[in-house]
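# Overview (structure and organization)
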Amino acid sequence: MEKVFFMSVIIIDATSFGAPIYDRLMELKLPAVPFISSQTASEPEKFKNVKAEAWFITAEKFHLGEISIFDDDVLKGQLSGVKFVPYGVKIEIEPKKVTKDRLGRSPDRAEAVV
């Protein structure tokens, strides 16, 4: 059986270039939720920020088989190319520049999934 996907909410990076897009979605009364990766995680004792928490939860859901992706080698490479790094006793995601240097590009598709 083919899976059918539809979007009930738009999650958008509401910082920098995404801020005016988020504002416009709000003006249009579309169901948008801001994602600000530097915000405090819901488990601040475990994660440095929301970004680390989101990546960890996504990885966990893949591991449990709760989510799957299309057969996209670029996306698979990006999802597996972003590294968790220790931040004291917390979990952090490596800086985007480090990921970009290693992958040769920004992990845009992976970030969209996360």
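What comes next concerns the included structure. Note that the structure is a prediction, hence the values are computed from the model and not measured.

## What to know about the environment of Ser 106
In this structure, Ser 106 sits in the loop between helix H4 (96-103) and helix H5 (108-113). With 10 residues separating them along the chain, Ser 106 and Lys 96 place their C-alpha atoms 7.5 Å apart. Look past the residues within four positions of Ser 106 in its chain and what remains in contact with it is Gln 78, Lys 96, Lys 100 and Glu 111. Polar side-chain contacts of Ser 106 include one of 3.4 Å to the side chain of Lys 96. Within the structure, Ser 106 has its side chain in polar contact with the side chain of Asp 108 (distance 2.7 Å).

## As for the side chain of Thr 99
Tracing the backbone through its elements, the reader meets Thr 99 in helix H4. In this structure Thr 99 comes out as buried when scored by relative accessible area, which is 2%.

## Structural notes on the pairing of strand S4 (residues 90-93)
As paired strands, strand S3 (residues 84-87) and S4 are joined by four bridges and run antiparallel to one another. Of the residues in S4, the one forming a bridge with Phe 84 is Ile 93. Where S3 folds back on S4, the antiparallel hairpin that results is connected by two residues, among which Gly 88 adopts a positive phi of roughly 65 degrees.

## Considerations on unusual backbone geometry
The phi dihedral of Ser 16 falls on the positive side, at around 50 degrees, and the residue is not glycine. Mapped onto the secondary structure, Ser 16 falls in the loop between strand S1 (10-13) and helix H1 (18-27). Overall, Ser 16 belongs to the exposed group, its relative accessible area being 57%.

Rules and cut-offs
- Residues numbered from 1 in each chain as written.
- Predicted model: local features only at pLDDT ≥ 70, side-chain atom pairs only at ≥ 80, totals over all residues.
- Heavy atoms only, no water.
- Helix = DSSP H or I, 4+ residues; strand = E, 2+ residues; numbered from the N terminus.
- Contact = heavy atoms within 4.5 Å.
- Polar contact = N/O pair within 3.5 Å; in protein donor to acceptor, adjacent residues only side chain to side chain.
- Buried < 20%, exposed > 50% of the residue type's maximum accessible area, 1.4 Å probe, protein only.
- Pairing = 2+ DSSP bridges.

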